[in-house]
Amino acid sequence: MLIERKWKKWLYFYLPMAAFIVFTLFPFYWMAVTAFRPDSELYATWRQPNAAPLWTLQPTLEHFYGLMKTTAFPTWLWNTMAIAIVSTGISLICGTFAGYALARLRFRGSEFLGTAIFITYLVPQTLLFIPLADIVRDLQLGNTPWALMLTYPTFLIPFCTWLLMGYFKTIPKELEECARIDGATRFGAMVRIIFPVAIPGILSAGIFAFTLSWNEFIYALIFMSSADQKTVPVGVVSELIRGDIFFWGQLMMGALLGSVPVALVYSFFVEYYVTGLTGSVKG
Amino acid sequence: MATVTIRDLNKKYDNGFHAVKDVNLEIRDKEFMVLVGPSGCGKTTTLRMVAGLEEITSGEIRIGTEVVNDLPPMDRNIAMVFQNYALYPHKTVFDNMAFGLQMRKYPKEEVLKRVKDAADILGIESLLERKPRQLSGGQRQRVAVGRAIVRHPQVFLFDEPLSNLDAKLRVQMRVELKRLHERLETTAIYVTHDQVEAMTLGDRVVVMKDGLIQQIGAPLELYGNPANKFVAGFIGSPAMNFVNLAVSSDGRWAETEGLRLQVPERLRSHGGKRLTLGVRPEALQIANGTDQHGFTTTVDVVEPLGNEILLNFRAGGAPMVARVDPGVRIKAHESVRFAVEPGRLHFFDAESEAAL
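Residues numbered from 1 in each chain as written. Chains lettered and ligands numbered in written order. Predicted model: local features only at pLDDT ≥ 70, side-chain atom pairs only at ≥ 80, totals over all residues. Heavy atoms only, no water.

Caption draft 1: Just the overall build of chain A, in detail. Counting its secondary structure elements, chain A contains 14 helices and two strands. Projected onto the principal axes, the alpha-carbon positions of chain A cover approximately 80 × 75 × 30 Å. Relative to its 283 residues, chain A shows a buried fraction of 40%. Approximately 15,900 Å² of chain A is accessible, and the part contributed by carbon and sulfur atoms is 71%. (Helix = DSSP H or I, 4+ residues; strand = E, 2+ residues; numbered from the N terminus. Buried < 20%, exposed > 50% of the residue type's maximum accessible area, 1.4 Å probe, protein only. Areas by Shrake-Rupley, 256 points an atom, 1.4 Å probe, with all protein chains shown as cover.)

Written as structure tokens, this is what we have:
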């Protein structure tokens, strides 16, 4: 009986789990290997003797130096970071207040407003960039970081609002009522009691927003034209694919370095992130 | 230290639900008033309107001499204990208890002294540095009570504060709350659906149903003289037994299948109508000899509880329970004759359900 259960567990749990892990992590692994592979090995055929298609025999940093010397990669990294932080900050502030209002306040049209905000999130960016480009040009923000800092919140705020609205709904309303009896105003109760309790939710909304703006491609491609204003995703693609030549080593190195900050942010906040998504507050 | 006066209080929700209907209530200074009733009876809504957490549709609430209808909760000088404790999870026990005082800008020493005193009364001095999630249910409950008493409010409001505790702890906390109330001598309004809590804690008890007050009275008054069938059935455990009877046309006898009894003088005018007879389980005793007022039946379930035995049987077409002395030796399916004292019978109008 027990033995049967054991193999069943292997069959139904470990095996699919392993397949899933390989499936999700292999592209990342492939990127990392390619980033450290010398060009001679990169372009060799797999049939060749001593070929090691799944790893590298002569790891090298040549792509790292190439990336730093021939492109403005450090500037892209800085641009991406600044834009992601500012747009995440704006979106979190707006999203927290909007999410709280939609979750807690009863006012005329609150449900319609909630749905309307959600619908704006559903409009694809590939359509929205056309009118946005007009606005960005009219405000003369083109080719400045503000073009992205102010347009990213158009999809980040609805996203944060919805995620936080769900989180605020899981917080017992008695906490707030108790604070109001204890002598806090509605605003005071929100700031002193509800926001601190909602930190896991706010952090996970922040992480998501940060990742979304870090990886954003279309707006960055359209609104930024000069090489020193680009973000990592756009810079890597537009400067390292020249004509029909792909600089695979540098491309992969750029992608690897570009994904490190996001990975760091996730690993720092993973605990908050999980409770933020599952939303559990106990009194 | 204040009276709470409620006049013609109504609450209608936007969806048309009329939760509280014309409630009139006077809670005396230092009184422990319990609101009891089944869920949805409007007791919690009434309490929340006193707290200022729910808007009043019409009517008036006074705390002391002041009309508080439009005052925000913070200005009503009340403290409330919630069913789920509502402790601030990110604050320590000390900060939880001190929050209300800090919001009111009390000097530091005063805050410290009051929290210490309250912690001392409740026996939670050793927990002051902990966070709520590190506490057991009973400890959380104490902290919630402590948070209410540090404020020295005019009125305590309790919203089913014991229903999240296990049965044993609930009994223990019940006694502690009663002791605390005697010590603090503060007006208290306590909402519960548990009639045992209502009976043991309340100086007076308000029984509510469907937003209406059914009866207000001291616990034993409700038990002895219920105003209607609902109160009679709600107060007391096991509940009162009810049987429907048809009264003979001359008004002298009332009967149903297998049961026949003499109608008391005062009800003789009910000839030809229907009555509901109510008998408390302890009013049914095993007959010794041939008592005049009694009936014979077969017991189907015997529940020996140690201090008493509950006998379940059917009589007059209705299920009934009798509470008898633990010394009685009766087995299931045994035939038993029960005796009833005429003075311990309750009669209700079969239609209006009012006591007669």
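Caption draft 2: Local environment of the sheet that holds strand β11 (residues 241-247) of chain B. Residues and elements named next belong to chain B. On the basis of which strands lie adjacent, the open sheet formed by five strands has the order β13-β12-β11-β14-β20 and antiparallel pairing. Among the strands making up the open sheet, the edge pair consists of β13 (259-262) and β20 (345-349). When strand polarity is set aside, the average angle formed by the axes of neighbouring strands in this sheet is 35°. Inspection of the sheet shows β11 paired to strand β12 (residues 253-256) by two bridges, in the antiparallel sense. Paired with valine 247 across the two strands is alanine 254, which belongs to β12. (Pairing = 2+ DSSP bridges. Axes fitted to C-alpha atoms, helices over the stretch in contact; angles between N-to-C directions.)

Caption draft 3: Summary view of the pairing of strand β18 (residues 318-324) of chain B. All names here are of chain B. Counted residue by residue, β18 has six buried out of seven residues, so it is predominantly covered. Of the strand pairs in this sheet, strand β17 (residues 309-315) and β18 are connected by seven bridges, and their pairing is antiparallel. The residue of β18 that forms the bridge with phenylalanine 313 is methionine 320.

Caption draft 4: Representation of the interface of chain B and chain A within the structure. With 24 residues of chain B in contact, the opposing surface of chain A contributes 20 residues. For the pair chain B and chain A, the two sides together bury roughly 2,000 Å², of which 64% comes from carbon and sulfur. Put simply, chain B and chain A have two salt bridges between them. Between aspartate 182 of chain A and arginine 151 of chain B there is a salt bridge; the shortest N-O distance is 3.2 Å. Applying the counting rule to chain B against chain A returns nine residue pairs in polar contact (both at pLDDT 80 or more). Of all the secondary-structure elements, those providing two or more residues to the side of chain B that touches chain A are α1 (43-51), β6 (78-81), α2 (93-103) and α4 (137-149) of chain B. Broken down by class, the residue content of the side of chain B that touches chain A amounts to 15 nonpolar, three polar and six charged. (Contact = heavy atoms within 4.5 Å. Buried area = accessible area lost by both parts, 1.4 Å probe. Salt bridge = Lys/Arg side-chain N within 4 Å of Asp/Glu carboxyl O. Polar contact = N/O pair within 3.5 Å; in protein donor to acceptor, adjacent residues only side chain to side chain. Nonpolar A, V, L, I, M, F, W, Y, C, P; charged D, E, K, R; others polar.)

Caption draft 5: Layout of helix α5 (residues 167-184) of chain B. All names here are of chain B. Taking 1.5 Å of rise per residue, 18 residues should cover 26 Å, and α5 covers 26 Å from first to last C-alpha, within 8% of that figure. Where α5 is concerned, the buried positions are Met173, Arg174, Leu177, Leu180 and His181. Projected down its long axis, α5 carries its buried residues within an arc of 130°, all on one side. Among the exposed residues of α5, those pointing more than 90 degrees away from its buried face are Lys168, Arg179, Glu182 and Arg183. Of the surrounding secondary structure, the elements contacted by the buried residues of α5 are β3 (32-36), α3 (108-122), α4, β7 (155-159), β8 (187-192) and α6 (195-201). Just past α5, the residue glutamate 185 takes up positive phi, approximately 50°. (Expected span 1.5 Å × (residues − 1). Arc of directions from axis to C-beta.)

Caption draft 6: Summary view of the pattern of salt bridges. Under the defined criterion, the tally for this structure stands at 21 salt bridges over all chains. Here glutamate 41 of chain A ties to arginine 37 of chain A by a salt bridge, and the two come within 3.1 Å at their closest N and O atoms. A salt bridge links glutamate 31 of chain B to arginine 204 of chain B; the nearest nitrogen and oxygen atoms lie 2.5 Å apart. Of this pair, glutamate 31 of chain B sits in the loop between β2 (18-27) and β3 while arginine 204 of chain B sits in strand β9 (residues 204-209); the two residues are 173 residues apart in sequence, bridging distant segments of the chain. Residue arginine 204 of chain B is classed as buried on the basis of its relative accessible area of 16%. One network of salt bridges, with partners in common, ties together Arg104, Glu176 and Arg186 of chain A.

Caption draft 7: Representation of the packing of aromatic side chains within the structure. Using the criterion set out here, one finds 31 aromatic pairs over all chains in the structure. Ring geometry for phenylalanine 158 of chain B versus tyrosine 190 of chain B: centroids 5.5 Å apart, planes at 40°, classification tilted. Within this pair, whereas phenylalanine 158 of chain B is found in strand β7, its partner tyrosine 190 of chain B is found in strand β8, the two being separated by 32 residues in sequence. Each member of the pair, phenylalanine 158 of chain B as well as tyrosine 190 of chain B, is classed as buried. Aromatic pair phenylalanine 295 of chain B and phenylalanine 313 of chain B: ring centres 6.1 Å apart, planes at 45°, arrangement tilted. Highlighted residues: phenylalanine 295 of chain B in strand β16 (residues 294-304) and phenylalanine 313 of chain B in strand β17, separated in sequence by 18 residues. When sorted by exposure, phenylalanine 295 of chain B lands in the same class as phenylalanine 313 of chain B, which is buried. Through a chain of ring-to-ring contacts, three or more aromatic side chains come together here, namely Phe97, Tyr100, Phe168, Phe187 and Phe195 of chain A. In this arrangement the basic side chain of lysine 9 of chain A is found over the ring face of phenylalanine 13 of chain A, its NZ or CZ atom lying 5.9 Å from the centre. (Phe/Tyr/Trp six-rings, centres within 6.5 Å; stacked < 30°, edge-to-face > 60°. Lys NZ or Arg CZ within 6 Å of the ring centre and 35° of its normal.)

Caption draft 8: Expanded view of the state of the cysteines. Tallied over the full model, the rule gives zero disulfides over all chains. Cysteine 160 of chain A forms no disulfide, and the closest cysteine sulfur to it belongs to cysteine 94 of chain A, at a distance of 9.2 Å. (Disulfide = S-S within 2.5 Å.)

Caption draft 9: How the structure looks around the environment of arginine 37 of chain A. Residues and elements named next belong to chain A. Relative to the helices and strands, arginine 37 is located in the loop between α1 (2-35) and α2 (39-42). For arginine 37 and glutamine 58, which are 21 residues apart along the polypeptide, the C-alpha to C-alpha distance reads 6.8 Å. Those residues in contact with arginine 37, other than ones at most four positions away along the chain, are Trp30, Leu42, Ala52, Pro53, Leu54, Trp55, Thr56, Thr60 and His63. Reaching out from arginine 37, the side chain makes a polar contact with the backbone oxygen of tryptophan 55 at a distance of 3.4 Å.

Caption draft 10: Quick peek at the sheet that holds β3 of chain B. Residue and element names in this part refer to chain B. Spatially, the six strands line up as an open sheet ordered β6-β7-β8-β3-β9-β10, and their pairing is mixed. With one partner strand each, in any of the chains shown, β6 and β10 (212-217) form the two edges of the open sheet. Strand-to-strand, the axes of this sheet are offset by a mean angle of 15°, without reference to chain direction. Relative to β8, β7 runs parallel, the two being bridged by five bridges. Bridging from a neighbouring strand, valine 155 pairs with threonine 187 of β8. This element, α4, spans β6 and β7 of the sheet and lies at about 175° to β6.

Caption draft 11: Seen up close, the nonpolar core. The biggest cluster of nonpolar side chains holds 76 residues, and the ones touching the most others in it are Phe168 of chain A together with Leu157 and Ile189 of chain B. Among the elements that line this core, the one with the most residues is helix α8 (residues 153-170) of chain A, at nine residues. For leucine 157 of chain B, the residues in contact, after removing those within four places along its chain, are Leu47, Val50, Ala51, Ile78, Ala79, Met80, Val81 and Ile189 of chain B. Phe32, Leu135, Leu177 and Leu222 of chain B belong to the second-largest nonpolar core, a separate cluster that totals 46 residues. (Core = buried A, V, L, I, M, F, W, Y, C linked by side-chain atoms within 4.5 Å.)

Caption draft 12: Spatial organisation of the pairing of strand β14 (residues 274-279) of chain B. Residues and elements named next belong to chain B. Across the six residues of β14, five count as buried, placing the element largely inside the fold. As paired elements, β11 and β14 share six bridges and run antiparallel to each other. Pairing of leucine 245 across the sheet is with leucine 275, part of β14. Note that β14 and β20 share five bridges and pair antiparallel.

Everything listed here is a matter of coordinates, which is why it stays silent on function.
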